Amino acid sequence: MARLPDVGALGQRPGIQVRRGFAEQNTEAPGRAMQQFGATVGRVGAEIADEMERRQAVQEAFAGRRALDDWERETIYADGGAASKTGKDAFGLPETVLKSFDERVAKVGEGISSPRGRKAFEELSISRRGQVGEWAAKHAGRQREVYERAEFEADVTSTQDRAVRLAAAPPEQTPEGLARHAAQVKAEIAIGQQRIVAYMKAKGLPEEAVAGAVKEFGSKAHVGVVASLLAAGDPKRAQEYLNANEAAMDAKDALKAKGDLREVTSLGKAQAAADDVVGRGLTGQAALDAVREQFKADPVTRH
């Protein structure tokens, strides 16, 4: 019968050995994994938050832009707005328009919450302010030019008209009175010429243009004076005035004044001759010869 081996003879029974190395090497791995996961989640969250803030900033910036567009339409281009201001009413636009713009920017800025949105709107508003300020300055400048031109033309016309009215007024029939009357007319014309010089020099116009405008004004004034004297029924004084001032007139105006004077004088002479013929009882060829003789002796009407 077979016998089982003696347990003791087999030697010491080996114990169960547990390999601990693998477990020990991986005890921190779950923590690190969680850290990495948390970092990834945080990064993704930050990116999402950043994208949301960016989108909010874009929306706020465009909303601010629309608000400035609305302000521009209301303040500048609407009926009664800045663009419709003319003359003196437009002089203060650079200040008033920018003041209104700054107030609207401040109000719109209060509604922008994101830092990016505020920065974007600030950049936009600075650029728009420059555009608005430039427009207001140019519009006011153009209106100032129009206003000053209108004032200048009104001054010149008024001065010329006054010279004509003074000339037509009956002077005191003494040497002193006649001289004083002529001096008043001359002084009024000189005032108009001085106004022309001051205005044109302020605009930087060349001396040739200034001199031409001064002469043209004086020439037109002399034509007006001659016409006013003729209208007042005083061709003698009209002739004397023309003789004294013809050198200061341009050729066209001088010819016109001479033509007006000749026409009025001829009509007067013709009427006087007709009255003389009728008064003398002349008829037919005798009457015609008498009229011709009167006109032949007159240097003005013989032509």
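Remember, predicted model here, so these are calculated numbers, not experimental data.

Explain the overall build of the protein to me, and be specific about the residues and the numbers.
Within the protein, the secondary structure is distributed over 9 helices and 0 strands. Mapped from its N terminus to its C terminus, the protein presents α and β elements in the order α-α-α-α-α-α-α-α-α. A burial count over the protein gives 26% of its 303 residues as buried.

Mind laying out the packing of aromatic side chains, listing which residues take part and the relevant values?
This structure, assessed with the given rule, holds 4 aromatic pairs. Ring geometry for W71 versus F101: centroids 5.2 Å apart, planes at 75 degrees, classification edge-to-face. Of the two residues, W71 sits in helix α2 (residues 29–77) while F101 sits in helix α3 (residues 93–110), which places them 30 residues apart along the sequence. F101 shares its class with W71; the two are buried.

Quick rundown of the packing of helix α4 (residues 115–168) against helix α5 (residues 175–202)? Include the residues and the values.
α5 packs onto α4 with a crossing angle of 170 degrees between their chain directions and a minimal axis gap of 8 Å. By the angle between their axes, α4 is roughly antiparallel relative to α5. Here E145, E148, R149, E151, F152, D155, V156, T159, R162, A163, L166 and A167 of α4 come into contact with α5, specifically with H181, Q184, V185, E188, I189, I191, G192, R195, I196 and Y199. Per-class residue counts for the contact of α4 with α5 are 10 nonpolar, 4 polar and 8 charged.

Can you break down the confidence of the model for the protein residue by residue, with the values?
Taken as a whole, the protein shows an average pLDDT of 79; of its residues, 70% reach a score of 70 or greater. Taking the mean pLDDT of every element in the protein, the minimum, 50, falls on helix α1 (residues 21–25) and the maximum, 94, on α3.

Tell me about the nonpolar core, and name the residues and values.
Counting 25 residues, the largest nonpolar core has I189, I196, V226 and Y241 as the members making the most contacts within it. Tallying contributions element by element places helix α6 (residues 207–231) first for this core, with 9 residues.

Hey, could you go over the pattern of salt bridges for me, with residue numbers and the actual values?
Opposite charge on two side chains permits them to pair, given that their charged atoms come into close proximity. Scanning all chains against the criterion turns up 20 salt bridges. For R104, the salt bridge goes to E74, with nearest N and O atoms at 3.5 Å. Taken together, the residues R104 in helix α3 and E74 in helix α2 connect sequence positions 30 residues apart. On the basis of relative accessibility, which here comes to 25%, the residue R104 falls in the partly exposed class. Residue classification places E74 among the partly exposed residues on the basis of a relative accessible area of 49%. In this structure, E145 and K203 form a salt bridge, with 2.8 Å as the shortest nitrogen-oxygen distance. Placement of the pair is E145 in helix α4 and K203 in the loop between α5 and α6, with a sequence separation of 58 residues. Judged by its relative accessible area of 35%, E145 falls in the partly exposed class.

Quick rundown of α6? Include the residues and the values.
Taking 1.5 Å per residue, 25 residues should reach 36 Å; α6 reaches 36 Å between its end C-alpha atoms and fits that length. Two residues or fewer past α6, G233 is found with a positive phi of approximately 80 degrees.

Which residues make up the packing of α4 against α6, and what are the values?
With their axes 8 Å apart at the nearest point, α4 and α6 run at an angle of 35 degrees to one another. α4 and α6 meet at a crossing whose hand is right-handed. Of the residues in α6, those in contact with V156, T159, Q160, A163, V164, A167 and A168 of α4 are F217, K220, A221, G224, V225, S228 and L229. Residue classes in the contact of α4 with α6 are distributed as 9 nonpolar, 4 polar and 1 charged.

Outline helix α7 (residues 235–245), listing residues and values.
Taken as a whole, α7 has its buried residues at R237, A238, Y241, L242 and N245. Relative to the axis of α7, the buried residues are bounded by an arc of 135 degrees and lie together on one face. For α7, exposure combined with an orientation more than 90 degrees from the buried face picks out K236, N243 and A244.

Tell me about the environment of E103, and name the residues and values.
Structurally, E103 can be placed in helix α3. In this structure the side chain of E103 is engaged in a polar contact, spanning 2.8 Å, whose partner is the side chain of K99.

Could you give an account of the environment of E246, with specific residues and numbers?
For E246, the position within the fold is in the loop between α7 and α8 (251–280). Judged by relative accessible area, which is 28%, E246 ranks as partly exposed. It is 8.4 Å that separates the C-alpha atoms of E246 and S219, two residues lying 27 residues apart in sequence. Beyond its immediate sequence surroundings of up to four residues, E246 is in contact with A254 and K258.

The rules behind these values
- Residues numbered from 1 in each chain as written.
- Predicted model: local features only at pLDDT ≥ 70, side-chain atom pairs only at ≥ 80, totals over all residues.
- Heavy atoms only, no water.
- Helix = DSSP H or I, 4+ residues; strand = E, 2+ residues; numbered from the N terminus.
- Buried < 20%, exposed > 50% of the residue type's maximum accessible area, 1.4 Å probe, protein only.
- Phe/Tyr/Trp six-rings, centres within 6.5 Å; stacked < 30°, edge-to-face > 60°.
- Axes fitted to C-alpha atoms, helices over the stretch in contact; angles between N-to-C directions.
- Parallel < 35°, antiparallel > 145°, perpendicular 65-115°, else oblique.
- Contact = heavy atoms within 4.5 Å.
- Nonpolar A, V, L, I, M, F, W, Y, C, P; charged D, E, K, R; others polar.
- pLDDT = per-residue confidence, 0-100.
- Core = buried A, V, L, I, M, F, W, Y, C linked by side-chain atoms within 4.5 Å.
- Salt bridge = Lys/Arg side-chain N within 4 Å of Asp/Glu carboxyl O.
- Expected span 1.5 Å × (residues − 1).
- Left-handed = near helix turned anticlockwise from the far one by under 90°.
- Arc of directions from axis to C-beta.
- Polar contact = N/O pair within 3.5 Å; in protein donor to acceptor, adjacent residues only side chain to side chain.

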